[in-house]
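Observations on the model geometry
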Amino acid sequence: MTRHPTWLDIGALADIPRRGARQVATPDGPIAVFRTHDDAVFAIEDRCPHKGGPLSQGIVHGASVTCPLHNWVIDLQTGAAQGADEGCARTLPVRVSDDRVLLGLHMAAEQAA
Amino acid sequence: MTRKLVVVGNGMSPGRALETLFEGGSDYEVTIFNAEPRVNYDRIMLSPVLSGEKTYEEIVIHGDDWYERHGVTLHKGRKVVHIDREARRVLADDGTTAEYDTLLLATGSSPVVIPVPGHDLPGVLTYRDLDDVEAMLAAANHGARAVVIGGGLLGLEAAAGLQRRGVDVTVLHLMPTLMERQLDASAGYLLQAAVEERGIKVITRANTHAILGEDRVTGVKLDDGTEIPADIVVMAVGIRPNAELAKAAGIAVNRGVLVDDRLLTSDPNVLAVGECVEHRGVCYGLVAPLYEMARTIGRNLLGEDVEFRGLATSTKLKVTGIDLFSAGDFLDAKDRQEIVLRDAARGVYKRLVLKDDRIIGVVLYGDTHDGAWFFQLLKDGTDISQLRDTLIFGQGYAGGAPLDPTAAVAALSDDAEICGCNGVCKSRIVGTISAKGLTSLDEVRAHTKASSSCGSCTGLVEQLMALTLGDAYDPAAVQPMCGCTDLGHDDVRRLIVAKGLKSIPQLMQALEWKTSCGCAKCRPALNYYLLATWPGEYQDDGQSRFINERVHANIQRDGTYSVVPRMWGGMTTPQELRAIADVADKFAIPSVKVTGGQRIDLLGVKKQDLPAVWADLNAAGLVSGHAYAKGLRTVKTCVGTDWCRFGTQDSTGLGIKLEKAMWGSWTPHKVKMAVSGCPRNCAEATCKDFGVVCVDSGYELHFAGAAGMHVKGTEVLCTVPTEQEALETCMAVIQLYREQGRYLERVYKWADRVGVDTVRRQVVEDPERRRALYERFLFSQRFAQSDPWAERVAGKDAHEFAPLATVPFQEAAE
């Protein structure tokens, strides 16, 4: 079965501070949605691959975030830890349309209907 | 046929035009009308006449014989009141007329008189011509009092002249620094210090409200109510071109008489020169461009065709003993660079402003020998890239082949002072480097103190290291802030001030950051530096703060937060304790712990509960304890004379006062304090960033202790007799740390780097400096002491405490 993401409107772009992030609560755990200085938007599981720190609370710089617990730097595009650290956080599709942020969640086709 | 040239005005500009004309063998028949009853004299030299260093006779440029020799008809004391352009004839106030083929307007300028009440009282003077000087001298009896309004070139010269005549002088200046049009702020302050040193009082930011007096001046009143008694008031706030005569004749006039590059007015038979002129939007008041205009006119009258295209101007203050030179444009701008040399001990300040490898501005104070050379380079637009490394040292170092900058430093004498702040000379630095085998700048700073205070001599010190160590010297030893820049913390702090950088994006642009928006290392540091440098002005950037400071609580390993309310001096009440207990129950807070800083920590609070928790705590009068901040944490105390049988002072009371004074201030790293009531030291004050140990005779002040990763006893700063002095000294030390500390550098590390003695010298041995630090701290606290919890209870940063969205269960099946 091919699975397509369902795009869910989670809020306005302006609701996320530039160089910042907001959390989206889901039954599978929180998702961090980031907005960079140049308005690119990324979504990553809100758990640092190191010790589970909430990435949404970190400092956003360029297209990276520094985890607030132990300063791991995570690439927002890939979810991968940068530098000497190894690990990867799951990324989710996200896009902006008419200043609304749409988060792509995977769900079974029959359930989405 | 002889042509007729009529000149209106007999100042220096027409004088120079006529000289050029006569030297070229002109056949003009010249008539001059002069409203003043005099020949042409050198107005630039009025100040020495005022001060008594010269007489009128000594400053005459053209005596009566000069006019005779050149067949000039000079009408002294006759003012031209009308120009009939059709008949080409002028009419003077006494009825004298003269016809012209060419008319030269040189009506000069008038001093601006501020129209405040009382400006027309007898005793209110201007400073423009010899009449003004004579009026001042008549009033300037020894012991008389004068107020000079205007701290520009003329005002200061007038003030200095009067002061030399024994007059008690006060200068009022509207702007924050003197001569702000010619000098940058640094030179302005040096100038003010020098002016005040000769006994002239200076009040800056002084707005004149009224000139007081019934039938003669008795004083000046400022907007803030200050009254300054005065026998004479000299207005020296500026000049305005005299263009009325031209305007009445229908000649085009804007601020001044409009002229083209040949100095022709809108009437092709009428030329204009001097201070009455507006050329390409500029009205000149300094002699060099005016003379240049005059020469242009003279040569064109001789039949040449030359143009005046404007001229850069330079300024020298003509006050004996004050050496000051400025030229060009010296405002900071993005595309400009600067080279600065300061020698605080000698009172020397030199600043060159560069753009595209050319000098566009020069400010010299204290040593102006190279002024002319720099000015020539400026005027010629010389490419200085080859000279750049030694440029600031002046022409002496710039001869022939480009010199290695270390050669210039090598040429300095052994006793040449390198570091003005700490009085360190060249031989001491070189000797210490060799004797102790130092290889890094930090080591040199630690051992010699050179470059460890303001840092402006860092370049020179580095050159000395290169000179002494040769290849062993690695300049990269200056630790950059982070990978986003090659600059170290001290350089960044210095440049924030020097370039007036006021936001993170502006700073990253100006200092050529290598990343688009920094990183998690530099951004919090920059946010702190900007906040500490521009209190009340800088807009705090929450996104550049670590999460704890952004949400005013401490993040824990599971992503929950801890909340620590402030307990002033460790004191609390049953009511506060009840409120804390109620909050713990209501929000099911799993852990309640007593901290090492004499307060209570609520651990495991969910982020979304934080505002409600704070609201309940606020309601009981509890505010943020800043347990998360690079700022004041706690002031630990013992019970002191209130209860303790050994207590010598009210240590609890002083602790509370300290905490009330210091809370809310942002610092490079956390700051912990303590006050012990006696030398038994129950509050453990001797391992704190700042500590007080009370003794019978007063308060022993300690600082630079640590009991974290490193354990270090404090250094004794001094002993003071009163609580107030203890408080003031504490604020001064912390302010110095705020200004010099590198981000995340604890007090003890900062003190170790700059030297305990240096700190002591600045806050203990120099009461003026201590006072200034204290006042800067108080000023910055005005913007810092607002409870961040109450702000967030009221709705600030609400987005921090709620999810952006919640995805319902059925939609998230995966």
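Since we're looking at a predicted model, the values are computed, not measured.

Counting its regular elements, chain A contains one helix and ten strands. Helices (α) and strands (β) of chain A occur, in sequence order from the N terminus, as β-β-β-β-β-β-β-β-β-β-α. Against the 2.2 N^0.38 benchmark of 13 Å for 113 residues, chain A shows a C-alpha radius of gyration of 14 Å, consistent with a compact globule. For chain A, the residues scored as buried account for 50% of the 113 residues in total. Summarising the internal contacts of chain A: among those between residues at least 6 apart in sequence, 41% fall at separations of at least 24. Entry remark: accessible area of chain A is about 5100 Å², with carbon and sulfur atoms responsible for 45%. Looking at charge distribution, chain A has the averaged site of its 10 positive side-chain charges lying 3 Å from that of its 13 negative ones.

Residues and elements named next belong to chain B. With 49 residues, the main nonpolar core has Val492, Leu507, Trp513, Val563 and Leu617 as its most contacted residues. Elements with a minimum of two residues in this core: helix H14 (489–498), helix H15 (504–510), helix H16 (522–533), helix H17 (547–551), strand E31 (561–563), helix H18 (574–586), strand E33 (600–605) and helix H19 (610–619). Ranked by residue count, the leading element in this core is H16, at eight residues. Counting 48 residues, the second largest nonpolar core, distinct from the first, contains Leu21, Ile32, Phe33 and Ala243.

Turning our attention to the environment of B:Ile203. Residue and element names in this part refer to chain B. One can find Ile203 in strand E14 (residues 201–203). On the basis of relative accessibility, which here comes to 28%, the residue Ile203 falls in the partly exposed class. Sequence spacing of Ile203 and Val639 is 436 residues, and the spatial spacing of their C-alpha atoms is 48 Å. Discounting chain neighbours no more than four positions away, the residues touching Ile203 are Thr170, Val171, Leu172, His173, Leu222 and Ile228.

With that out of the way, let us pick up the confidence of the model for chain A. Low pLDDT means the predicted coordinates in that region are not meant to be read closely. All names here are of chain A. Here chain A averages 89 in pLDDT, while 91% of its residues score no lower than 70. Element-level pLDDT for chain A is lowest in helix H1 (residues 109–112), with a mean of 42, against a maximum mean of 97 in strand E3 (residues 31–35). Taken as a whole, residues 108–113 scores under 50 in pLDDT and shows six contacts with residues more than four places along the chain or in a different chain.

Further remarks concern the packing of aromatic side chains. Residue and element names in this part refer to chain B. Going through the model one piece at a time under the given rule, you end up with 13 aromatic pairs over all chains. Aromatic pair Phe22 and Trp66: ring centres 5.6 Å apart, planes at 55°, arrangement tilted. Here Phe22, found in helix H1 (residues 12–23), pairs with Trp66, found in helix H3 (residues 64–69); they are 44 residues apart in sequence, far enough to count as distant. The exposure class of Trp66 is buried, given its relative accessible area of 10%. Ring geometry for Phe325 and Phe375: centres 6.2 Å apart, planes at 70°, overall edge-to-face. Here Phe375 lies in helix H9 (residues 371–380) and Phe325 lies in strand E24 (residues 324–328), a separation of 50 residues in the sequence. As far as the burial class goes, Phe325 and Phe375 line up, both buried. In this structure an aromatic cluster arises from ring pairing among Phe22, Trp66 and Tyr67. The ring centre of Phe646 lies 3.8 Å from the NZ or CZ of Arg680, which sits over that ring.

All names here are of chain B. The positions that UniProt labels "binding site: [4Fe-4S] cluster" (unreviewed entry) are, in the present scheme, Cys638, Cys644, Cys678 and Cys682. Annotated residues spanning 45 residues; largest pairwise C-alpha distance 10.8 Å, indicating a single compact cluster. Assignment of secondary structure puts Cys638 in the loop between strand E34 (632–637) and helix H20 (640–643). Looking at where Cys678 falls in the secondary structure, it is placed in the loop between strand E35 (671–676) and strand E36 (690–695). Classification of Cys678 by relative accessible area gives buried; the value is 6%. Apart from the residues within four sequence positions on either side, Cys678 is in contact with Phe646, Thr648, Val693 and Cys694.

In this approach the atoms are scanned with a rolling probe the size of a water molecule, which exposes any empty space left behind. Residues and elements named next belong to chain B. What the rule picks out here adds up to two cavities of 30 Å³ or more. As a volume, the largest cavity reaches approximately 70 Å³. Around the largest cavity, the lining residues are Pro524, Asn527, Tyr528, Leu531, Ser544, Arg545, Glu549, Lys630, Trp666, Thr667 and Tyr743. It is H16 that provides the largest number of residues to the lining of the largest cavity, a total of four residues. Its residues assigned to classes, the lining of the largest cavity shows five nonpolar, three polar and three charged.

For a regular strand, the rule is simple: side chains alternate between the two faces of the sheet. Residues and elements named next belong to chain B. Here strand E26 (residues 348–355) lies mainly inside the structure; seven of its eight residues are buried. As defined by bridge partners, strand E25 (residues 337–343) adjoins E26 across seven bridges and the pair is classed as antiparallel. The residue of E26 that forms the bridge with Arg342 is Tyr349. Here E26 runs beside strand E27 (residues 358–365); their pairing, made up of seven bridges, is antiparallel. Bridge assignment links Lys355 to a residue of E27, and that residue is Arg358. Between E26 and the antiparallel strand that follows it, E27, lie two residues; Asp356 among them carries a positive phi value of about 50°.

Before going further, it helps to spend a moment on the pattern of salt bridges. Residues and elements named next belong to chain B. Within this structure, the stated rule accounts for 50 salt bridges over all chains. The residue Asp131 makes a salt bridge to Arg38 at a minimum N-O spacing of 2.7 Å. Of the two residues, Asp131 is situated in helix H4 (residues 130–139) and Arg38 in the loop between strand E2 (29–34) and strand E3 (40–41); the sequence distance between them amounts to 93 residues. Given a relative accessible area of 38%, Asp131 falls into the partly exposed group. For Arg38, a relative accessible area of 10% translates into the label buried. Between Glu745 and Arg753 there is a salt bridge whose closest N-O contact spans 2.8 Å. Taken individually, Glu745 and Arg753 each receive the classification buried, so the pair is uniform in this respect. Taken together, the shared-partner salt bridges in this structure form one network comprising Glu36, Arg38, Asp131 and Glu134.

In this section: the sheet that holds strand E4 (residues 41–45) of chain A. The sheet built from five strands is open, its strands ordered E8(A)-E4(A)-E3(A)-E2(A)-E41(B) with mixed pairing. On the outer flanks of this sheet lie strand E8 (91–92) of chain A together with strand E41 (805–806) of chain B, each paired with one strand and no other. In terms of strand pairing, strand E2 (residues 20–25) of chain A meets E3(A) through five bridges, oriented antiparallel. Residue pairing for E3(A): A:Gly20 is matched across the bridge by A:Arg35.

Next up on the list: the interface of chain B and chain A. At the interface, 33 residues of chain B touch 33 residues of chain A. Summed over both partners, the interface of chain B with chain A buries about 2900 Å², with 58% contributed by carbon and sulfur atoms. Between chain B and chain A we count one salt bridge in total. For the salt bridge of A:Arg19 with B:Asp541, the shortest nitrogen-to-oxygen distance reads 2.8 Å. In this structure, the connection of chain B to chain A is made through 13 residue pairs in polar contact (both at pLDDT 80 or more).

What counts, and at which threshold
Residues numbered from 1 in each chain as written. Chains lettered and ligands numbered in written order. Predicted model: local features only at pLDDT ≥ 70, side-chain atom pairs only at ≥ 80, totals over all residues. Heavy atoms only, no water. Helix = DSSP H or I, 4+ residues; strand = E, 2+ residues; numbered from the N terminus. Rg over C-alpha atoms; globule rule 2.2 N^0.38 Å. Buried < 20%, exposed > 50% of the residue type's maximum accessible area, 1.4 Å probe, protein only. Contact = heavy atoms within 4.5 Å. Areas by Shrake-Rupley, 256 points an atom, 1.4 Å probe, with all protein chains shown as cover. Lys, Arg positive; Asp, Glu negative; His and termini not counted. Charge placed at Lys NZ, Arg CZ, Asp CG, Glu CD. Core = buried A, V, L, I, M, F, W, Y, C linked by side-chain atoms within 4.5 Å. pLDDT = per-residue confidence, 0-100. Phe/Tyr/Trp six-rings, centres within 6.5 Å; stacked < 30°, edge-to-face > 60°. Lys NZ or Arg CZ within 6 Å of the ring centre and 35° of its normal. UniProt positions renumbered as here; feature names shortened; annotations may be inferred. 1 Å grid on protein atoms, 1.4 Å probe; cavity = no way out; pocket = protein on both sides within 12 Å on 5 of 7 lines; lining within 4 Å. Points joined across faces, edges and corners; volume = space filled by probe spheres on them. Nonpolar A, V, L, I, M, F, W, Y, C, P; charged D, E, K, R; others polar. Pairing = 2+ DSSP bridges. Salt bridge = Lys/Arg side-chain N within 4 Å of Asp/Glu carboxyl O. Buried area = accessible area lost by both parts, 1.4 Å probe. Polar contact = N/O pair within 3.5 Å; in protein donor to acceptor, adjacent residues only side chain to side chain.

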